[in-house]
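In case you want the letters, here they are:
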Amino acid sequence: MVGLLHMVIFYQQKMLMKKSFLCLTLAVVVTSNAVAQNPLSVSKPEVDNSVAAELKSFALTEGYEANLYADETDGVANPVCMSWDPAGRLWVLVTSAYPQLKPTAKPKDKLLILTDTNADGRADKTTVFADGLNMPTGFALGHGGAYIGQGNDLLHLKDIDGDDKADTRLVLLTGFGTGDTHQNINSFTWSPGGELLFCQGLHSFSRVETPWGISRLDEHGSWRLRPRRLQLHGFRRTSAGGNPWGIVFGNWGQPFIKSNGTGISELLPSLVSVERTASYWGGEMKIGQTQIKSMIIEFAESPHLPDDIQGQMLIAGYFARDVNRFSWVPLGAGHQLKPQPNLMTSSHNAFRPVDIRIGPDGAIYIADWFNPIIGHYQASFRHPDRDKTHGRIWRITAKDRPLANAPDLSKMTAAEVCNHLKSDWRYIRYQAKRRLADLPKDEVVSVIAKWVDQLDQSDPDLEHHLYEAIGVFESHEDVNRNLLERLLKAKDYRARAYATRVTGRWHDRLKSPSELLERSVIDGSPRVRLEAIVACSDIHSANSMVVAAKATSNPMDRFTNFALTQTVHALAPWWRPALSQGNLNFDNPAGLIYVLRTHGGKDVAGQVRSLISSDAITANGRRQLLALLARVGNANDVQTVFSHATRDPQLLELLPAIAQGRRLTPSGSVHENLAILLTHESAAVRAAAARLAGLWNQRQLIPLLEPILKGDDDLVLAAAIRSLGELSPDSAVKELQPFIAITHPQPVVLA
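Sequence order as written defines the numbering, with residues in each chain counted from 1. Reporting of local features is limited, given that this is a predicted model, to residues whose pLDDT is at least 70; pairs of side-chain atoms are given and counted only at 80 or more, and all residues count toward the totals for whole chains, interfaces and linings. The basis for every side-chain value is the complete set of non-hydrogen atoms in the structure, without hydrogens or water.

1. Topic: the overall build of the chain
Step number 1: Secondary structure elements are defined from DSSP: runs of H or I of at least 4 residues count as helices, runs of E of at least 2 residues count as strands, and each element is numbered from the N terminus. The number of helices and strands found in the chain is 24 helices and 27 strands.
Step number 2: In terms of overall dimensions, the chain has C-alpha extents of about 105 × 105 × 50 Å along its principal axes.
Step number 3: Whether a residue is buried, partly exposed or exposed follows from its accessible area with a 1.4 Å probe, protein chains only, as a fraction of its type maximum: under 20%, in between, or over 50%, in that order. Sorting the 751 residues of the chain into buried and exposed places 56% on the buried side.
Step number 4: In what follows, residue pairs with any heavy atoms lying within 4.5 Å of each other are defined as contacts. Sequence-distant contacts in the chain: of pairs separated by 6 or more residues, those separated by 24 or more amount to 62%.
Step number 5: Only the protein chains shown count as cover for residues, and all accessible areas are computed by the Shrake-Rupley method using a 1.4 Å probe. When the accessible area of the chain is evaluated, it comes to approximately 31900 Å², of which 54% is carbon and sulfur surface.
Step number 6: Here the positive residues are Lys and Arg and the negative ones are Asp and Glu; neither His nor the chain ends is included. Charged groups are reduced to one reference atom each: NZ for lysine, CZ for arginine, CG for aspartic acid, CD for glutamic acid. With 79 positive and 78 negative side-chain charges, the chain shows a spacing of 6 Å between the two charge centroids.

Shown next as structure tokens:
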């Protein structure tokens, strides 16, 4: 009976514990949901979702007005991103599947083409280019169709018969990570040279098979695809936040990247392909930020817009329901941003700007996701408030200013399109580049080469025209060394900087590319030097590290430091073995010190000692490392170096300059060996020994230095004069006065 009672009590206690645990679990869930459901992310639905109600909620900067370009009646529901084509039509990617397709449901996301046939600022024709897509997250127009990011795949859809509908669907590459719905590959952006850049987010782990091998990218970062070679490179931690979403290039090819957090970053220093990460979130290259989460960057540049906004960055504030503005200027090797008043803000809970593009009329177009819920896991995937039926494209124009009118480039010949590369408007130049990239190579290359030859050499924009032209050659993977070298010698540092980037891209098809980069890495412009460092990282050889390290001969800033640090690690598999075998010669000791310190920590001397002891090292390699040890080591190290130098005249000749800078005396006795060296047959050795006697305060050698004053070897004489002046300044004055005469050689007089 007692045993039965104990069993009952135990059962009651167990049930009580389960009940308490269940209550605690529910409390945690409720609390977590309460914390997670930020009202900016999961908002209360509006009573009125009409176009008029949303339009009324807009507060625009004075002088601007908004109108609807397209909405759900045109098929636009939950637009993800958009892009204009050379014919002036707006392509829009829409998804109703996000954040997760319902089980058994067939995917029906689309890529639409919107056309404003009567130029009244309102789309009136919709063409479905592609249907049946499954939660696509980005696209770019190119090569007769569209590149689309969908889950694991990079697709290329192509229109074969010219009816604006996709006829073929090719899985170009696969293996991209899908760790989270809004972190799939996105932000497809063409570089000035026809490379396709895009991003992936925090929980994506990608393994993509290419003709060049497996391309890997773990967690958040960016991709660079060279489509005509199917060459894919991954870059980790490129944005100041876990989910990069937005890439843009300036008028000289300056790349910037936006996270879907607050940060805006320089992209160039991060375009070093290496596993090493400087930090978890990757904010080292941040140059500005919005006050709250945002995405996408577009430049406000068109003849239609007022002067005070020209060239500014526009950022889509999907959390705060606004469009931010930033001005930007160069700062060292990078740039700095300055926030400006918002272009617009909305009080409507469903307004979610997710993309911004300048249109062919010069107006600002905004893709509005239109949804009170912008997050994915902050609310249930099946939350009834998720709006899957609405979507808007808004058009922002400047009041009382004439609209622009970009030409239709879609039917022009290559020769006709080339002339538009000289346009003052970036939109037209961009569309011209994309049109030329799409035309057959044999039709374009000869035409663009002729166009370059016929350019007016007195045109103040000549170098920018050449910059645009080399991008066309890049797009067709046609190496033009003459044009490259011309730009490398340009007056405008921005032209030299971009040409340096092209050198890295073309390195496998150029003769002696490192020689070209050796000029750039010591260029007077820090931006050119930054480009050279990054370009060196693309050339997988030990000598590339030597070239990149030459950047340390000039002032470094946070941009060049970051890029060089990443390059040290990226090239380590090549320079480390070469250095340990003594097959690497750093002309600049500061460069070698930088490399060793960056790769192995602060104990550079310890690393050098270890390398010197290697049996595989050559005599020249050991000499270089011993000279470095004399620069960074302690008194015992200097003693060791001098011991080697007594048997190595070339090393001995290096020591006076090193000792002059450090004034560190060897730990042991050196005067006996110096005395022997003062009688060496080589004048250079005698001069080095004479100078070290003074630098190391060897007063016992004064009697051996004084007779040298009667000699006739100027090099040795100058060294002895300097040392005697240091060792015995009072008595030396009288003996040295005769040498202060114009009849003596300059080194002697200066000494």
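Past the structure itself, the notes keep going.
2. So, the side chain of Ser 302
Step number 1: Tracing the backbone through its elements, the reader meets Ser 302 in the loop between strand 21 (295–300) and strand 22 (312–317).
Step number 2: With near-sequence residues (within four places) excluded, Ser 302 lies in contact with Gln 310, Ile 358, Gly 362 and Trp 425.

3. Section: the pattern of salt bridges
Step number 1: Note on definitions: salt bridges are taken to be side-chain nitrogens of Lys or Arg within 4 Å of carboxyl oxygens of Asp or Glu. A full pass over the atoms with the stated rule returns 36 salt bridges.
Step number 2: The shortest N-O distance in the salt bridge between Arg 494 and Asp 492 comes to 2.9 Å.
Step number 3: Of the charged contacts, one joins Arg 663 and Glu 726 as a salt bridge, the two residues approaching to 3.2 Å between their closest N and O atoms. A residue pair is termed long-range when its members are at least 10 positions apart, and Arg 663 in the loop between helix 18 (649–662) and helix 19 (671–677) and Glu 726 in helix 22 (residues 714–727) qualify at 63 residues.
Step number 4: Since its relative accessible area comes to 32%, Glu 726 is described here as partly exposed.
Step number 5: Each of the salt bridges in this network shares a partner with another, and the network as a whole consists of Glu 195, Arg 224, Arg 226, Arg 229, Glu 474, Glu 477, Arg 505, Asp 508, Arg 509 and Asp 538.

4. Considerations on helix 20 (residues 683–695)
Step number 1: A rise of 1.5 Å per residue sets the reference length of helix 20, with its 13 residues, at 18 Å; its end C-alpha atoms lie 18 Å apart and thus fit the reference within 8%.
Step number 2: Where helix 20 is buried, its residues meet helix 18, helix 19, helix 21 (702–705) and helix 22.
Step number 3: The backbone nitrogen of Ala 684 has a side-chain oxygen 3.3 Å away, supplied by the residue at the start of helix 20, namely Ser 682.
Step number 4: Just past helix 20, the residue Asn 697 takes up positive phi, approximately 55°. A helix is expected to span 1.5 Å multiplied by its residue count minus one. Identification of polar contacts relies on pairs of N or O atoms within 3.5 Å, with a donor-acceptor requirement for protein atoms, meaning one able to donate a hydrogen and the other able to accept it, and with residues adjacent in sequence counted only if both atoms are side-chain atoms.

5. With respect to the nonpolar core
Step number 1: Here, the term nonpolar core denotes a set of buried Ala, Val, Leu, Ile, Met, Phe, Trp, Tyr and Cys residues that are joined through side-chain atoms within 4.5 Å. Among the nonpolar cores identified, the biggest contains 103 residues, and Met 545, Trp 575, Leu 596, Leu 652, Leu 655, Leu 674 and Trp 696 are the most heavily contacted of them.
Step number 2: With eight residues, the single largest contributor to this core is helix 20.
Step number 3: Every residue in contact with Leu 596, bar those within four places of it in the chain, is listed here: Trp 575, Leu 579, Gly 601, Val 604, Gln 607, Val 608, Leu 611 and Leu 628.
Step number 4: With 66 residues, the next largest nonpolar core counts Met 135, Phe 319, Ile 393 and Tyr 427 among its residues.

6. A look at the sheet that holds strand 8 (residues 145–150)
Step number 1: Taken together, the four strands give an open sheet; going across it, the order is 7-8-9-10, and neighbouring strands pair in antiparallel fashion. The open sheet has two edge strands, strand 7 (136–142) and strand 10 (168–174), and neither has a second partner. With strand direction ignored, the average angle separating the axes of adjacent strands in the sheet is 25°. For two strands to count as paired, DSSP must find a minimum of two bridges between them. Each axis is a line fitted through C-alpha atoms, and for a helix only the stretch in contact is used; angles between axes span 0 to 180 degrees, taken between their N-to-C directions.

7. Some thoughts on the pairing of strand 15 (residues 221–226)
Step number 1: Counting buried positions over the six residues of strand 15 gives six, a clear majority of the element.
Step number 2: Here strand 12 (residues 196–200) pairs with strand 15 via five bridges, running antiparallel. Residue pairing across strands places Cys 199 opposite Ser 222, the latter belonging to strand 15.
Step number 3: One ladder, built from six bridges, connects strand 15 with strand 16 (residues 231–236); its direction is antiparallel.

8. Comments concerning the packing of aromatic side chains
Step number 1: Classification of ring pairs uses Phe, Tyr and Trp, with its six-membered ring standing for Trp, and accepts pairs whose centres are within 6.5 Å; under 30 degrees between planes counts as stacked, over 60 as edge-to-face, and the remaining range as tilted. In this structure the tally under the stated criterion is 20 aromatic pairs.
Step number 2: Taken together, a centroid distance of 4.9 Å and an interplanar angle of 80° make the contact between Phe 58 and Trp 394 edge-to-face. Pair noted here: Phe 58 is in strand 1 (residues 58–60) and Trp 394 is in strand 27 (residues 392–398), with a separation of 336 residues, a long-range link.
Step number 3: Using a relative accessible area of 10% as the deciding quantity, one classes Phe 58 as buried.

9. Some remarks on unusual backbone geometry
Step number 1: Following Tyr 98, the chain continues into Pro 99 via a peptide bond in cis, with omega recorded as 5°.
Step number 2: Mapped onto the secondary structure, Pro 99 falls in the loop between strand 4 (90–94) and strand 5 (109–115).
Step number 3: For His 143, which is not a glycine, the phi torsion comes out positive at approximately 55°.
Step number 4: Here His 143 shows up in the loop between strand 7 and strand 8.

10. Here's the deal with the sheet that holds strand 15
Step number 1: The strand order across the open sheet built from four strands is 11-12-15-16, with neighbouring strands paired in antiparallel fashion. Edge positions in the open sheet fall to strand 11 (186–190) and strand 16, since each of these has one partner strand only. Between one strand axis and the next, the sheet turns through 20° on average, direction left out of account.

11. Points about the side chain of Thr 290
Step number 1: On the secondary structure map, Thr 290 appears in the loop between strand 20 (286–289) and strand 21.
Step number 2: Side chain to side chain, Thr 290 and Ser 294 meet in a polar contact 2.8 Å long.

12. As for the environment of Asp 408
Step number 1: In this structure, Asp 408 sits in the loop between strand 27 and helix 3 (414–418).
Step number 2: For the pair Asp 408 and Ala 689, spaced 281 residues apart in sequence, the C-alpha to C-alpha distance is 77 Å.
Step number 3: Ignoring sequence-local partners within four residues, the contact set of Asp 408 consists of Pro 86 and Ala 87.
Step number 4: Engagement of the side chain of Asp 408 in a polar contact is seen with the side chain of Ser 410, the distance being 2.6 Å.

13. Looking at the pairing of strand 21
Step number 1: With six of its six residues buried, strand 21 lies for the most part within the structure.
Step number 2: In the sheet, strand 21 pairs with strand 22 via five bridges, with the strands oriented antiparallel. Residue pairing in the sheet places Ile 297 in a bridge with Ile 315 of strand 22.

14. Structural notes on helix 14 (residues 589–600)
Step number 1: Taking 1.5 Å as the rise per residue, helix 14 with 12 residues should run 16 Å; its terminal C-alpha atoms sit 16 Å apart, in good agreement.
Step number 2: In this fold, the buried residues of helix 14 make contact with helix 11 (542–549), helix 12 (558–570), helix 13 (572–580), helix 15 (604–612) and helix 16 (619–632).
Step number 3: Sitting at the amino-terminal end of helix 14 is Asn 588, which places a side-chain oxygen 3.1 Å from the backbone nitrogen of Ala 590.
Step number 4: Immediately downstream of helix 14, the backbone of Gly 601 shows phi near 100°, a positive value.

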